[in-house]
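Structure at a glance
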Amino acid sequence: PGMAFPPDAVVRVGVAVILTRDDGLVLVGRRKGSHGAGKMQLPGGHLEMGESWEECACRETLEETGLKLSATEFEHVFTSNDVMGEEGRHYITIFLRARAPALFVPENLEPHKNQGWSWLEWSALEATDDEQLFIPLRNLLRSRYSFRYDSAAANRGSRLLVVLTVFGALAWMGLCSRHPVKL
């Protein structure tokens, strides 16, 4: 509708990973050698036949950055309908979010497809001119999806986890019970 596509054209499925660090930064690259060349992108790629979204995200993140993640570490946050009429392409892009380890330094393992990786604040990404963004990322940002890092909440959550872990260990050892466990 409104655009002429070849009769054998098909809609493809892409998976993009919003990879964040504990300081709230997001991993962003710049496309090279394909449609959207020169535009800012997130890690990701094509969904392969029989693959889950999470499996695709794990595979693509490892292939592109060297980071090995588990399929259970991803959260679906958005799906976009990305018509790239000028390039004769149409994608449905599944956006999944995951956290990177605090000290993770991404490798550019596909330099023929990506100019390099850098960590940006989400607000800087939101302020980027549309012409600099790969269409799926532009559509995500236009959707008003907002990743906000709350360091106070993250610290409260970490402290609670430590308290619960210590309490659980003490209870298991019988130190918090009227009937200590004999080992």
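Higher on the page you've got the structure.
If you're wondering where the values come from, they're calculated on a predicted model, not measured in any experiment.

Conventions we followed
- Residues numbered from 1 in each chain as written.
- Predicted model: local features only at pLDDT ≥ 70, side-chain atom pairs only at ≥ 80, totals over all residues.
- Heavy atoms only, no water.
- Pairing = 2+ DSSP bridges.
- Helix = DSSP H or I, 4+ residues; strand = E, 2+ residues; numbered from the N terminus.
- Core = buried A, V, L, I, M, F, W, Y, C linked by side-chain atoms within 4.5 Å.
- Buried < 20%, exposed > 50% of the residue type's maximum accessible area, 1.4 Å probe, protein only.
- Contact = heavy atoms within 4.5 Å.
- Phe/Tyr/Trp six-rings, centres within 6.5 Å; stacked < 30°, edge-to-face > 60°.
- Patch = residues over 30% accessible without salt bridge, like charges linked within 9 Å, V, L, I, M, F, W, Y side chains within 5 Å.
- Areas by Shrake-Rupley, 256 points an atom, 1.4 Å probe, with all protein chains shown as cover.
- Salt bridge = Lys/Arg side-chain N within 4 Å of Asp/Glu carboxyl O.

1. Considering the pairing of strand S5 (residues 75-84)
A regular strand places its side chains so that they alternate between the two faces of the sheet. Both S5 and strand S6 (residues 89-99) contribute to a ladder of nine bridges, which runs antiparallel. When the sheet's bridge partners are listed, Asp82 is paired in S6 with Tyr91. With antiparallel pairing between neighbouring strands as the criterion, S5 and S6 make up a hairpin whose turn holds four residues, including Gly88 at a positive phi of roughly 70 degrees.

2. Structural notes on the nonpolar core
Counting 18 residues, the largest nonpolar core has Leu19, Phe74 and Trp119 as its most contacted members. Among the elements of the structure, strand S1 (12-20), strand S2 (25-31), helix H1 (53-65), S6 and strand S7 (114-121) are those that each provide at least two residues to this core. The contacts of Phe74, once residues within four sequence positions are left out, are Val17, Glu54, Ala57, Cys58, Leu69, Leu96, Arg97 and Ala98. In this structure, Ala16, Phe95, Leu133 and Tyr145 belong to the second largest nonpolar core, which totals 16 residues.

3. Let's talk about the pairing of S6
Looking at chain direction, S1 and S6 are connected through nine bridges and run parallel. Paired with Gly14 across the bridge in S6 is Thr93.

4. Structural notes on the packing of aromatic side chains
Within the structure shown, the criterion is met by two aromatic pairs. Both rings, one in Phe78 and one in Phe95, keep their centres 6.0 Å apart while their planes meet at 45 degrees; by these two values the pair is tilted. Of this pair, Phe78 sits in strand S5 while Phe95 sits in strand S6, placing them 17 residues apart in sequence. Between Trp122 and Tyr145, the aromatic rings sit 5.7 Å apart at their centres with planes inclined by 90 degrees, giving edge-to-face as the arrangement. Placement of the pair is Trp122 in helix H2 (residues 122-126) and Tyr145 in the loop between helix H3 (135-142) and helix H4 (151-173), with a sequence separation of 23 residues. Each member of the pair, Trp122 as well as Tyr145, carries the same accessibility label: buried.

5. Describing a nonpolar patch on the surface
Judged by side-chain polarity, Met3, Phe5 and Val83 come together as a nonpolar surface patch covering roughly 220 Å² of accessible area. Positionally, Val83 belongs in strand S5.

6. Brief notes about H3
Burial runs high along H3: seven of the eight residues are buried. Regarding H3, the residues found buried are Ile135, Pro136, Leu137, Arg138, Asn139, Leu140 and Leu141. Against the buried residues of H3 lie S1, strand S3 (40-41), S5, S6 and H2. Backbone geometry just after H3 places Arg144 at a positive phi near 75 degrees.

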